[in-house]
Amino acid sequence: MRCCTAGRARSPISAPLYFSTSTYATIGYGDVLLGESWRIVGAIEGANGVILLGWSTAFFVAMVARITIVEREFTERPATPRPGADPYKPQ
């Protein structure tokens, strides 16, 4: 089985991988097309890419916000002396 793109022969995995990556990233150049019976798979993969890229972005933003809040709380918290330590003596 050989996959062809614009008249060039490629390895059996390069065209499907290229199609899958461009569809998942919602770029979809259109230079590699699926057969009639596989087009629904391309549509599902594109929708899956939109959902998962959006979810990953939301997760990353939430984690950065949480880290920022924890860091702010840590730096604004007054230092507490250790039990039994002299609070007037420099550590």
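The structure displayed is predicted, hence computed values, not measured ones. (Residues numbered from 1 in each chain as written. Predicted model: local features only at pLDDT ≥ 70, side-chain atom pairs only at ≥ 80, totals over all residues. Heavy atoms only, no water.)

Student: I keep staring at the overall build of the protein chain and nothing clicks. Help me out?
Tutor: Along the protein chain, the regular secondary structure elements total two helices and two strands. Secondary structure elements in the protein chain, listed N-terminal to C-terminal, are β-β-α-α. Counting every position in the protein chain, which comprises 91 residues, the buried fraction comes to 12%. Sequence separation of at least 24 residues holds for 29% of the intrachain contacts in the protein chain that already meet a minimum separation of 6. Split by element, the accessible area of the protein chain, about 7800 Å² in all, is 66% carbon and sulfur. (Helix = DSSP H or I, 4+ residues; strand = E, 2+ residues; numbered from the N terminus. Buried < 20%, exposed > 50% of the residue type's maximum accessible area, 1.4 Å probe, protein only. Contact = heavy atoms within 4.5 Å. Areas by Shrake-Rupley, 256 points an atom, 1.4 Å probe, with all protein chains shown as cover.)

Student: Which parts of the structure should I look at to understand the pattern of salt bridges?
Tutor: A side chain of one charge can pair with a side chain of the opposite charge when the charged atoms of the two come close. Taken as a whole and judged by the stated rule, the model has one salt bridge. Between Glu 36 and Arg 39 there is a salt bridge whose closest N-O contact spans 3.5 Å. Using a relative accessible area of 66% as the deciding quantity, one classes Glu 36 as exposed. Residue Arg 39 is classed as partly exposed on the basis of its relative accessible area of 47%. (Salt bridge = Lys/Arg side-chain N within 4 Å of Asp/Glu carboxyl O.)

Student: Explain a nonpolar patch on the surface to me, please; I cannot follow it from the model alone.
Tutor: Where nonpolar side chains cluster on the molecular surface, the patch consists of Tyr 24, Ile 51, Leu 52, Leu 53, Trp 55, Phe 59, Met 63 and Ile 67 and spans about 780 Å² of accessible area. If one sorts the elements of the nonpolar patch by residue count, helix H2 (residues 39-76) sits on top with seven residues. Within the element layout of this structure, Leu 53 appears in helix H2. (Patch = residues over 30% accessible without salt bridge, like charges linked within 9 Å, V, L, I, M, F, W, Y side chains within 5 Å.)

Student: Explanation requested: H2 in the structure shown.
Tutor: Its 38 residues place the ends of H2 56 Å apart at the C-alpha level, agreeing with the 56 Å of an ideal helix rising 1.5 Å per residue. Taken as a whole, H2 has its buried residues at Gly 42, Glu 45, Gly 46 and Gly 49. For H2, the elements touching its buried residues are helix H1 (14-24). (Expected span 1.5 Å × (residues − 1).)

Student: Help me out: how do you make sense of the packing of H1 against H2 in this one?
Tutor: Packing of H1 against H2 leaves a shortest axis separation of 7 Å and a crossing angle of 50 degrees. Viewed along their axes, H1 and H2 adopt a mutual orientation that is oblique. Contact residues: H1 offers Phe 19, Ser 20, Thr 23 and Tyr 24, while H2 offers Gly 42, Glu 45, Gly 46, Asn 48, Gly 49, Val 50, Leu 52 and Leu 53. Along the lines of polarity and charge, the residues of the contact of H1 with H2 split into five nonpolar, six polar and one charged. (Axes fitted to C-alpha atoms, helices over the stretch in contact; angles between N-to-C directions. Parallel < 35°, antiparallel > 145°, perpendicular 65-115°, else oblique. Nonpolar A, V, L, I, M, F, W, Y, C, P; charged D, E, K, R; others polar.)

Student: Teacher, can you tell me more about the environment of Thr 23 here?
Tutor: Mapped onto the secondary structure, Thr 23 falls in helix H1. Counting along the chain gives 23 residues from Thr 23 to Gly 46, while the straight-line C-alpha distance between them is 5.1 Å. If we skip the residues at most four places from it in the chain, Thr 23 touches Gly 42, Glu 45 and Gly 46.

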